[in-house]
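Here is what each chain is made of, one letter per residue.
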Amino acid sequence: TAPALGILTINALTACDSVIIPAQADIYSLQGIEQLAETMKPVKKYTNPDLTIEGILLTRYSPRSVLSREVAELAQQIARKLGTKLFRATIREAVAVKEAQISQQSLYSYAPKAKATEDYSRFIAELLGELQEEAGDIPEVDGVGKKEDTRTEFLVSSESTSSVFLTDRIKT
């Protein structure tokens, strides 16, 4: 059965436009993705019909591991089934991530040169590039841009399988 939605999760899903699902590169996390998609259905039906899954982000990924590569293929299939995508960027497993969590610092301040920090930067660049492409469809009139600035906010919990990145595009 799908996990129950708590009131905070329901409120967050109601307020956001899309969800980014981080998933560890293992089989159990992939099962959790489908369960999360099921738990989103009542929110879409009753409170937020425009809610979408922006994509799936693989974390704790090891490009040298056959298992990680196989999980990436399965994640791609699940993404297609859910009508979303698997982000090209992946987050490698790194001790720096755990150490930053323990020291209660952001990864960017704790280990700015770590491989995982580079991975998160690549992911952010990929996501923001896609958001800019979407916003690029708004025409200019008399040389004045009609593009609405888009700010993306992230609610980020830990790197566990139950984490969800929620994105909300706020017109400013």
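Predicted model, so just to flag it, every value in this text is computed and none were measured.

The rules behind the values
- Residues numbered from 1 in each chain as written.
- Predicted model: local features only at pLDDT ≥ 70, side-chain atom pairs only at ≥ 80, totals over all residues.
- Heavy atoms only, no water.
- Core = buried A, V, L, I, M, F, W, Y, C linked by side-chain atoms within 4.5 Å.
- Buried < 20%, exposed > 50% of the residue type's maximum accessible area, 1.4 Å probe, protein only.
- Helix = DSSP H or I, 4+ residues; strand = E, 2+ residues; numbered from the N terminus.
- Salt bridge = Lys/Arg side-chain N within 4 Å of Asp/Glu carboxyl O.
- Arc of directions from axis to C-beta.
- Contact = heavy atoms within 4.5 Å.
- Pairing = 2+ DSSP bridges.
- Right-handed = clockwise from strand over helix to strand, strands pointing away.
- Polar contact = N/O pair within 3.5 Å; in protein donor to acceptor, adjacent residues only side chain to side chain.

Caption draft 1: Expanded view of the nonpolar core. Core analysis: the biggest nonpolar cluster contains 23 residues, and L13, V19, I33, M40, L51, I56 and L58 have the highest contact counts within it. At six residues, the largest contribution of residues to this core is made by helix α2 (residues 27-46).

Caption draft 2: Geometry of the pattern of salt bridges. In total, this model carries eight salt bridges according to the counting rule given. The closest approach of N and O atoms between E130 and K85, which form a salt bridge, is 2.9 Å. Remark: K85 occurs in the loop between α3 (66-81) and α4 (95-102) and E130 occurs in helix α6 (residues 115-135); sequence separation between them is 45 residues. A salt bridge links E93 to K98, with the shortest nitrogen-to-oxygen separation between them at 3.8 Å. Residue E93 is classed as partly exposed on the basis of its relative accessible area of 46%.

Caption draft 3: A look at α4. Residues A96, V97 and A100 constitute the buried set of α4. Around the axis of α4, the buried residues are gathered within 105° of arc, so they sit on the same side. In α4, the exposed positions that point more than 90 degrees away from the buried face belong to V95 and I102. Looking at the buried positions of α4, the neighbouring elements they touch are α5 (107-110) and α6. Following α4 by one or two positions, Q104 adopts a phi angle in the positive range, close to 55°.

Caption draft 4: Here's a closer look at the pairing of strand β2 (residues 52-59). Summarising burial for β2: seven of the eight residues are buried, a large majority. In this structure, strand β1 (residues 18-24) lies alongside β2, joined through seven bridges in parallel fashion. Bridging from a neighbouring strand, V19 pairs with I53 of β2. Taken together, β1, α2 and β2 constitute a β-α-β crossover, and its handedness is right-handed.

Caption draft 5: Representation of the side chain of S68 in the model. With respect to the helices and strands, S68 occurs in helix α3. The class of S68 is buried, set by a relative accessible area of 5%. A polar atom in the side chain of S68 sits 3.3 Å from the backbone nitrogen of S62. What S68 contacts, discounting residues up to four positions off in sequence, is A25, Y61 and S62.

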